[in-house]
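Observations on chain architecture
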Amino acid sequence: MEWQIKNKPSEDGCVWSHLNENDLRRMQEISTNRKTQEALGAIVRWLIDAGDRGCLVDYPRLLPSDDTTSNATHAIPEKGRRGEKALERTKKVKERNWQPFPDEFVSQLIWRALWMQENLGRPLLDCWRGLREIADVHATRGRSSGHPSVIAERDAFIASFDWRDADGTAIQELPFMIHQRLDAGHGLSSSWPPRDTKSLNVAVGVLQVLNLSTVAFCTGARSSELGDATDKSLEALRDERFSARTFKLVEEETGKLRDWPLHPRAVQALNLQSQLSIICRPADETHLWCTVSRGGSKLLNLTEPMVATVENLGLTELAGEDRAHVHRWRHTVAKLVALSVVGAPQVLLDLFGHRDLEMTLRYMLSDPEVAQDAMKVAKEASYALAIEAIEETVNNNTGGPAATPLKQGLEKLRMERGEEKYGVETIREAADILTFNGRHWELVRPGILCTKTLGQFGPCTQGHGEPDPGSCRTGCDHRLELERSKKHAEEAMLCLLAERAGAEAEGLDMLVANLDGQILAHLKRWPDIRNRIIAANDLARQLWEVSLAEAA
């Protein structure tokens, strides 16, 4: 621009549009520095490109040169590419697949969290509050926390503090190791109390991350949702729920408020965290997760404190190959629910706030070994349920069409073994025989088992194939109901009777007929419940009497 104003100013105030090829060449030749020349050439190319796309009005148009003998067609020739290595296509970076935390890691970390929250949390925060008050008093005298007299007074306060657990017993040693000051430097130790303020600050930071981990383990919430927590999030604790804003999969720019159910231990962790945040954050702030040693500002990155805490507890190797990223709690919850909860996909869909099951299944299957684990759990659960069902059948507490034949078969087995009463070995032997060593007997729904095997006929498959629990019928000869299903059966009948009365009042004849069939199916399940229902409800009694008349 300086050259243009001095050597070839424009009449309309433009900087570039009136310059020709020779002008651009002269501007480039002013500097002997090759990098400066290349930079000017790049600027000219960018301006021309912007002008061609309609973004600029004032840009170099490479007007004809004043020198008619010039054969140049471009002010700045393009750099030659001869001899250069051909560019390679960029390979697509593989999407990160976070793995769930190993079971041993989860067990060890959550155990430490529960112990600290129950026994050490409150005295630790009381001591920490006292240390901060000491520092504040000395600050009014112009002494920083690094002053020798401040250090000595705070160390003495830690040593003289009355450390007691939930039972009132003096805490002289922790049941696990934590990073703190030792005779020679710093390292892992179970001794208590710590020797200096720095070690106690480490313990406070560990407590905060253990509180965070407890909430993440109980909710499966995203890191951004956990980080959004404020004092307002704790208002729902009386109902054992946690609330925060979610920003993913919502259209609102400011996020959308949602909540999660909480285990009582998570409620305890949040109450403790509330006290921690009040101690260290500024008085006008409400955020829940704080930087422990940096003025209590909002903790924006939850993963780095998590990684540091895992290291300070000596659990880095147990965390596996991946870093102890907070997002791994979400995958851990998905794995555990997938292996232990009936209807896991729908449960996780609601818990995670997903829009479709594909997203949920991606979490459930993020661990490549989850399928093998699921088969192992299913086999063990099937065997455990079979033992429970056999024990209840022996005591005449099971229902369903399969209960009577099972009872007769068990009596025959007991007599063949020459036993006066059923023993543990008899029940286990029966479970092995009936389930083919745990390969059969499937859970239809909580409290209801399908005892059908491959060679038996069943209405669910209309043949002798593998049973289909999703098509189970209440009248199937292979249906066995445990005592725990009684309450569900009674509740279901009462709901259906109320719904049926409403449908009849509205004249919905087809719905009434459908509900009659469902009510009748439930009435056949448990005789004692049926007798109680028909004695108290005229409609149920009428349906049952009609069914008996039709059967006769």
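Summarised in this report is the structure supplied together with it. (Residues numbered from 1 in each chain as written. Predicted model: local features only at pLDDT ≥ 70, side-chain atom pairs only at ≥ 80, totals over all residues. Heavy atoms only, no water.)

1. Things to note about the pattern of salt bridges
Note the cut-off: Only one rule defines a salt bridge in this text: a Lys or Arg side-chain nitrogen within 4 Å of an Asp or Glu carboxyl oxygen. Secondary structure elements are taken from DSSP: a helix is a run of H or I of four residues or more, a strand is a run of E of two residues or more, and numbering for both begins at the N terminus. Type-normalised accessible area, obtained with a 1.4 Å probe on protein chains alone, sets the label of each residue: buried when under 20%, exposed when over 50%, and partly exposed for intermediate values.
Counting across every chain of the model gives 19 salt bridges. Between K407 and E411 there is a salt bridge, with its nearest N and O atoms 3.8 Å apart. You can see K407 and its partner E411 sitting in helix α14 (residues 403-416), 4 residues apart, about one turn around the helix. Residue class for E411 comes out partly exposed when judged on its relative accessible area of 23%. Of the charged contacts, one joins E504 and R500 as a salt bridge, the two residues approaching to 2.8 Å between their closest N and O atoms. Note that E504 and R500 are positioned in helix α16 (residues 485-505) at a spacing of 4 residues, about one turn of the helix. Each of R479, E481 and R525 takes part in salt bridges that share partners, so that together they form one network.

2. Some words on the packing of helix α18 (residues 527-536) against helix α19 (residues 538-551)
The test is simple: Fitted lines through C-alpha atoms serve as axes, helices being fitted only where they are in contact, and the angles separating the N-to-C directions of these axes extend from 0 to 180 degrees. For classification purposes, angles smaller than 35 degrees are called roughly parallel, those larger than 145 roughly antiparallel, those between 65 and 115 roughly perpendicular, and all remaining angles oblique. In this scheme, a crossing is called left-handed if the near helix is turned counterclockwise away from the far one by less than a right angle; it is called right-handed if the turn is clockwise. The criterion used for residue contact is that any of the two residues' heavy atoms lie within 4.5 Å.
The contact between α18 and α19 brings their axes to 5 Å, and the two run at 120°. Accordingly, the angle class assigned to the pair α18 and α19 is oblique. Where α18 crosses over α19, the handedness of that crossing is left-handed. Contact residues: α18 offers R530, I533, I534 and A536, while α19 offers D538, A540, R541 and W544.

3. Here we look at the pairing of strand β2 (residues 186-191)
Filter applied, for reference: A pair of strands is labelled paired if DSSP reports no fewer than 2 bridges between them.
Sheet topology places strand β1 (residues 173-181) next to β2; 5 bridges connect them, and they run antiparallel. When the sheet's bridge partners are listed, I178 is paired in β2 with S189. Hairpin connection of β1 to β2: 4 residues between the antiparallel strands, including G185 at a positive phi of 85°.

4. Re the packing of aromatic side chains
How we decide: Pairs were defined over the aromatic rings of Phe, Tyr and Trp, the Trp ring being its six-membered one, requiring ring centres within 6.5 Å. Orientation was assigned from the angle between planes: stacked under 30 degrees, edge-to-face over 60, tilted for the rest. Comment: the charge-over-ring label is applied if NZ (Lys) or CZ (Arg) is within 6 Å of the ring centre and within 35 degrees of the ring normal.
Across all of its chains, the model carries 10 aromatic pairs by this definition. Ring plane angle 65° and centroid distance 5.4 Å describe the contact between F352 and Y363, whose orientation is recorded as edge-to-face. Note that F352 is positioned in helix α11 (residues 344-352) and Y363 in helix α12 (residues 357-364), a separation of 11 residues in sequence. Assessed through its relative accessible area of 0%, F352 is described here as buried. By relative accessible area, Y363 is classed as buried at 13%. One aromatic cluster is present, built from ring pairs that chain together F101, F105, F217 and W329. The ring of F352 has R330 lying over it, and the distance from NZ or CZ to the ring centre is 4.2 Å. Between R330 and the ring centre of Y363, over which it is positioned, the NZ or CZ distance is 5.2 Å.

5. As for helix α4 (residues 103-139)
Cut-off, in case you're wondering: Each residue after the first adds 1.5 Å to the expected span of a helix. What the bend at a residue measures is the angle between two axes, fitted to the seven residues ending there and to the seven starting there.
Between its first and last C-alpha, α4 extends only 47 Å over 37 residues, short of the 54 Å set by a 1.5 Å rise per residue. The sharpest bend along α4 measures roughly 60° and falls at L120, with the proline P123 sitting one to four residues further on.

6. Observations regarding the sheet that holds strand β6 (residues 448-450)
Pairing within the open sheet is antiparallel, and its 3 strands lie in the order β5-β6-β7. Unpaired on one side and paired on the other, β5 (442-445) and β7 (479-481) mark the two borders of the sheet. Neighbour to neighbour, the strand axes of the sheet diverge by 35° on average, direction disregarded.

7. As for the environment of I529
Position of I529 among the secondary structure elements: in helix α18. The exposure class of I529 is buried, given its relative accessible area of 2%. Spatially, the C-alpha atom of I529 lies 12 Å from that of A540, the residues being 11 residues apart in sequence. Residues in contact with I529, not counting those within four places in the same chain, are K486, A489, E490 and M493.

8. Details of the packing of α16 against helix α17 (residues 509-523)
Stated precisely, the cut-off is as follows: Side-chain classes follow a simple rule in which Ala, Val, Leu, Ile, Met, Phe, Trp, Tyr, Cys and Pro form the nonpolar group, Asp, Glu, Lys and Arg form the charged group, and the remainder, Gly included, forms the polar group.
Contact geometry for α16 and α17: axes closest at 9 Å, N-to-C directions at 160°. Taken together, the axes of α16 and α17 are roughly antiparallel relative to one another. Of the two elements, α16 crosses α17, and the hand of that crossing is left-handed. The segment α16 lies against α17, with A492, M493, L496, L497, E499, R500, A503 and E504 engaging L511, V512, L515, D516, Q518, I519, H522 and L523. Residues that form the contact of α16 with α17 fall into these classes: 10 nonpolar, 2 polar and 4 charged.

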